[in-house]
Amino acid sequence: MTSAGPAAAIAAAVRRGERSAVEAVEESLAAIAAGEELGAFNTVTAESALQRAHRIDRAVAAGEDPGCLAGVPVAVKDNICTRGVPTTCSSRILEGWRPPYDATVIRRLNAAGGIVVGKTNMDEFAMGSSTENSAFGPTRNPCDPARVPGGSSGGSAAAVAAGMSPLALGSDTGGSIRQPAALCGVVGMKPTYGRVSRYGLVAFASSLDQIGPIAATVADAALLYSAVAGHDPLDSTSIPEEVGDLSDALAGEAAGLRVGIVAELSGEDIDGDVSARVTAAAQSLASAGAEVGEVSVPAAVFGLSAYFLIAPAEASSNLARYDGVRYGLRVPAATAADMNAATRTAGFGAEVKRRIMLGTFALSAGYYDAYYGKAQKVRTLVLEDFAAAYERFDVLIAPTSPTVAFGFGERTADPLAMYLSDVCTVASNLAGHPAVSVPFGSGAGGLPVGVQVMAPALGEAAMFRAAAALERAMADRRRAGSASP
């Protein structure tokens, strides 16, 4: 059995009246204040969080059940709309903007008794792999403050890793939940595209974006996922099928699982210490009774190239709305065109501008078929190759990140080096498949390594079953004193 994580324990105690939601929130706020130098939060919602905690405690006292997340503090990435709370996407162009509505995931989180304690720092408009691209300063990795936490959901991952909140929501367009989770040593999960509503998520690349949980344990990640997932008529891409109960998957053993190691994601681009952890994870699953073998997903090697045409193209279109007219920053100028140009020049950071230009070029007349159209064909190949792999295997495993956390400034001068941070994760976004990163020991410098478990569309149950088995195996290795290879 997978033991309940800290979030589940808080919720259970609050629902039984054994501890108060106010106490849980106060502990979270104290931890946020103590770790302020990490830069994990853009906004802390202390007053509203405590008010909500008091309401939950009153409901419990009245014999009501506030929900499966009763009293649990949750950190929310700053690109998810929260009514009346600044939602900036860590960009000057949206500094101070307060949405007039809640995203669907926020409404569902509230309905389940969860409590938003703040909005977390991120790479501007979710464009980056290090949270160095924030207009409000970088986030630091709690495992080593001289290193990045990954990105773009670096603030959310750092908040959970530092014990500031037991749960967090992030968004994943090319690995932006899983990669920072791996670098910070926590669990991060990207659901099947359409499983979690995108209504209220500020768009980066609409065909790739997906909201998902970050947590200390697999069980807690599944708990938050279950609370926010499900059909939403406000999202035209939302899947109508019910999510289902994941308790059997979390308690299930690895025996009988067919696990494929993706050959294309274990080559020379992956650091040796990271590859060793994936090998150890595969061996642990085999020892637990899983059928483990190598599998080829040939188009995966082209995934990064296709992603960095499709995502910037969609970003170019989505970010056209920030024009200085409707909301956000406005830089006065003599004409509307000059105002628009001055606003976007002042409001967007260098990486956002780079991707807008890449995307505009890929969509321009004469280049559309050669670049964007061809990238979409590669996307189809990725889908076909994954489909073939899942005929043989229930889940696939690979590194989450090709390296452990790197130092500040190491990759900022070389965009390609930064983009390669997502080489192991983008394929799942292109396919729309679920994937989760699970901590599995340490690599260079004693820094965390994440192993990624991937599954076919709507295959979250098998994915969580394998992830929980890996978590148990890692716990056994720690008890045996062999956390590293």
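Computed from a predicted structure; not experimentally measured. (Residues numbered from 1 in each chain as written. Predicted model: local features only at pLDDT ≥ 70, side-chain atom pairs only at ≥ 80, totals over all residues. Heavy atoms only, no water.)

(A) Geometry of the overall build of the protein chain. Within the protein chain, the regular secondary structure consists of 16 helices and 11 strands. For 485 residues, the compact-globule estimate of 2.2 N^0.38 gives 23 Å, and the protein chain sits close to it at 21 Å. Oriented by its inertia axes, the alpha-carbon framework of the protein chain measures out at about 70 × 60 × 45 Å. For the protein chain, contacts bridging at least 24 residues in sequence account for 76% of all contacts bridging at least 6. Surface accessibility of the protein chain: about 17400 Å² in total, with carbon and sulfur atoms responsible for 54%. In the protein chain, the 38 positive side-chain charges and the 49 negative ones have mean positions that sit 3 Å from each other. (Helix = DSSP H or I, 4+ residues; strand = E, 2+ residues; numbered from the N terminus. Rg over C-alpha atoms; globule rule 2.2 N^0.38 Å. Contact = heavy atoms within 4.5 Å. Areas by Shrake-Rupley, 256 points an atom, 1.4 Å probe, with all protein chains shown as cover. Lys, Arg positive; Asp, Glu negative; His and termini not counted. Charge placed at Lys NZ, Arg CZ, Asp CG, Glu CD.)

(B) Up close: empty space enclosed by the protein. For the structure shown, the criterion picks out 2 cavities of 30 Å³ or more. By volume, the largest cavity amounts to about 40 Å³. For the largest cavity, the full set of lining residues is Ala182, Leu183, Val274, Ser401, Thr403, Val404, Pro448, Val449 and Gly450. In terms of residues, the lining of the largest cavity owes the most to one element, strand 11 (residues 448-454), which gives 3 residues. For the lining of the largest cavity, a count of residues per class yields 6 nonpolar, 3 polar and no charged. In this structure, the second largest cavity spans a volume of roughly 30 Å³. Lining the second largest cavity are Ala126, Gly128, Ser129, Ser176, Phe204, Tyr307, Arg355 and Asp422. A class-by-class count of the residues in the lining of the second largest cavity yields 3 nonpolar, 3 polar and 2 charged. (1 Å grid on protein atoms, 1.4 Å probe; cavity = no way out; pocket = protein on both sides within 12 Å on 5 of 7 lines; lining within 4 Å. Points joined across faces, edges and corners; volume = space filled by probe spheres on them. Nonpolar A, V, L, I, M, F, W, Y, C, P; charged D, E, K, R; others polar.)

(C) Representation of the pattern of salt bridges in the model. Enumeration according to the criterion identifies 14 salt bridges in this entry. Across the salt bridge formed by Glu18 and Arg16, the nearest N and O atoms sit 2.8 Å from each other. Of the charged contacts, one joins Arg19 and Glu27 as a salt bridge, the two residues approaching to 3.1 Å between their closest N and O atoms. Its relative accessible area of 47% is what places Glu27 among the partly exposed residues. Bridged by salt links that share partners, the residues Arg19, Glu23 and Glu27 form one connected network. (Salt bridge = Lys/Arg side-chain N within 4 Å of Asp/Glu carboxyl O. Buried < 20%, exposed > 50% of the residue type's maximum accessible area, 1.4 Å probe, protein only.)

(D) Region of the structure containing helix 12 (residues 350-363). Relative to the 20 Å expected for 14 residues at 1.5 Å per residue, helix 12 spans 20 Å between its end C-alpha atoms, a close match to the ideal helical length. Every buried residue belonging to helix 12 is among Glu351, Val352, Arg355, Ile356, Gly359 and Ala362, and all of these are buried. The arc enclosing the buried residues of helix 12, seen along the axis, measures out at 135 degrees, which places them on a common side. The exposed residues of helix 12 that point more than 90 degrees off its buried face are Ala350 and Met357. The secondary structure elements touched by the buried residues of helix 12 are helix 10 (303-318), helix 11 (336-347), helix 13 (369-392) and helix 14 (415-419). (Expected span 1.5 Å × (residues − 1). Arc of directions from axis to C-beta.)

(E) Spotlight on a nonpolar patch on the surface. A cluster of nonpolar residues, Phe361, Tyr367 and Tyr371, forms a patch on the protein surface that exposes about 270 Å² of accessible area. Among the secondary structure elements, Tyr367 is positioned in the loop between helix 12 and helix 13. (Patch = residues over 30% accessible without salt bridge, like charges linked within 9 Å, V, L, I, M, F, W, Y side chains within 5 Å.)

(F) Structural view of the pairing of strand 8 (residues 291-295). As judged from the 5 bridges shared by strand 7 (residues 258-262) and strand 8, these two strands associate in the parallel manner. Bridge pairing links Gly260 to Gly293 in strand 8. Running through helix 9 (residues 272-287), the crossover from strand 7 to the neighbouring parallel element strand 8 is right-handed. (Pairing = 2+ DSSP bridges. Right-handed = clockwise from strand over helix to strand, strands pointing away.)

(G) Region of the structure containing the side chain of Asn79. Topologically, Asn79 is positioned in the loop between strand 2 (73-77) and helix 4 (104-111). In contact with Asn79, other than residues within four places in its own chain, are Thr87, Cys89, Met122, Ala126, Ser171, Gly200, Leu201 and Val202.

(H) Highlighting the sheet that holds strand 8. Pairing is mixed in the open sheet, where 11 strands are placed in the order 1-3-2-4-6-5-10-11-9-7-8. Edge positions in the sheet fall to strand 1 (41-44) and strand 8, since each has one partner strand and no second. The average angle at which neighbouring strand axes cross in this sheet is 30 degrees, direction not considered. In this structure, strand 5 (residues 187-190) lies alongside strand 10 (residues 435-442), joined through 3 bridges in antiparallel fashion. Paired with Met189 across the bridge in strand 10 is Val436. Contacts from helix 4 reach strand 2, strand 3 (115-120), strand 4 (167-171) and strand 6 (211-215), with the element oriented near 145 degrees to strand 3. (Axes fitted to C-alpha atoms, helices over the stretch in contact; angles between N-to-C directions.)

(I) Local environment of the environment of Ser316. As for its position among the elements, Ser316 is in helix 10. Measuring from C-alpha to C-alpha, the distance between Ser316 and Leu358 comes to 8.1 Å, with 42 residues separating the pair along the chain. Residues within four places of Ser316 in sequence aside, it is in contact with Ile356, Gly359 and Thr360.

(J) Representation of helix 2 (residues 21-34) in the model. Between the first and last C-alpha of helix 2 there are 20 Å, a value that for 14 residues agrees with the 20 Å anticipated at 1.5 Å per step. Within the sequence span of helix 2, burial applies to Ala21, Val22, Ala24, Val25, Ser28, Leu29 and Ile32. Angular distribution of buried residues about the axis of helix 2 spans 160 degrees; they occupy a single face of the element. Among the exposed residues of helix 2, those pointing more than 90 degrees away from its buried face are Ala33 and Ala34. The elements touched by buried residues of helix 2 are helix 1 (6-16), strand 1, helix 3 (46-61), strand 2 and strand 3.

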